[in-house]
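# Residue-level structural notes
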Amino acid sequence: MAEDNAAAAVAEVTDLIAKMLGESAPKLGELVTDVLLGDIWERPGLSARDRSLITITALTVEYRPDALAPYLQRALASGLTKEELGEAITHIAFYGGFPNAIGAAMHLKAVLDGEQQPLPQGI
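Figured I'd write up the structure that's included with this text. In this text the structure is predicted, and so the values were computed from the model without any measurement. (Residues numbered from 1 in each chain as written. Predicted model: local features only at pLDDT ≥ 70, side-chain atom pairs only at ≥ 80, totals over all residues. Heavy atoms only, no water.)

We now examine the overall build of the chain. Looking only at helices and strands, the chain features 6 helices and 0 strands. Starting at the N terminus and walking to the C terminus, you meet the elements of the chain as α-α-α-α-α-α. Within the chain, the proportion of its 123 residues that are buried is 38%. The long-range fraction of contacts in the chain, counting pairs at least 24 apart against all pairs at least 6 apart in sequence, stands at 65%. Just so you have it, the chain exposes about 7100 Å², and 59% of that area is on carbon and sulfur atoms. (Helix = DSSP H or I, 4+ residues; strand = E, 2+ residues; numbered from the N terminus. Buried < 20%, exposed > 50% of the residue type's maximum accessible area, 1.4 Å probe, protein only. Contact = heavy atoms within 4.5 Å. Areas by Shrake-Rupley, 256 points an atom, 1.4 Å probe, with all protein chains shown as cover.)

At a minimum axis separation of 9 Å, helix α3 (residues 48–61) and helix α4 (residues 65–77) run at an interaxial angle of 160 degrees. In terms of axis orientation, α3 runs roughly antiparallel to α4. Handedness of the crossing formed by α3 with α4: left-handed. Contacts between α3 and α4 involve Ser-52, Thr-55, Ile-56, Leu-59 and Thr-60 from the former and Ala-67, Leu-68, Tyr-71, Leu-72, Arg-74 and Ala-75 from the latter. Split by residue class, the contact of α3 with α4 holds 7 nonpolar, 3 polar and 1 charged. (Axes fitted to C-alpha atoms, helices over the stretch in contact; angles between N-to-C directions. Parallel < 35°, antiparallel > 145°, perpendicular 65-115°, else oblique. Left-handed = near helix turned anticlockwise from the far one by under 90°. Nonpolar A, V, L, I, M, F, W, Y, C, P; charged D, E, K, R; others polar.)

Below, the structure is given as structure tokens:
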């Protein structure tokens, strides 16, 4: 079930990226969809669940709230629970900064409430 949800989330993000970058930066869109989403995320060394945790950590520490929503959605689709995501964000606060973690927690709430669109401004 989680694998089906994760595959659907990847397909949705891939379609959005292709539409967003298709005319303005088609090669960048191709690299994101083929290399990042098609190769890196599919490598056998880590599960999609683990990759989601790593990605959310990186985006939170880098303070990239514009890019968090699709990866929070993908994390949920990959089997992470809202409680696990909340714990991860709390843990990140001590290593990546409280303001960053508070922003990530607010984005998680928006995603859980259905208020955040899949790809607001970044990926």
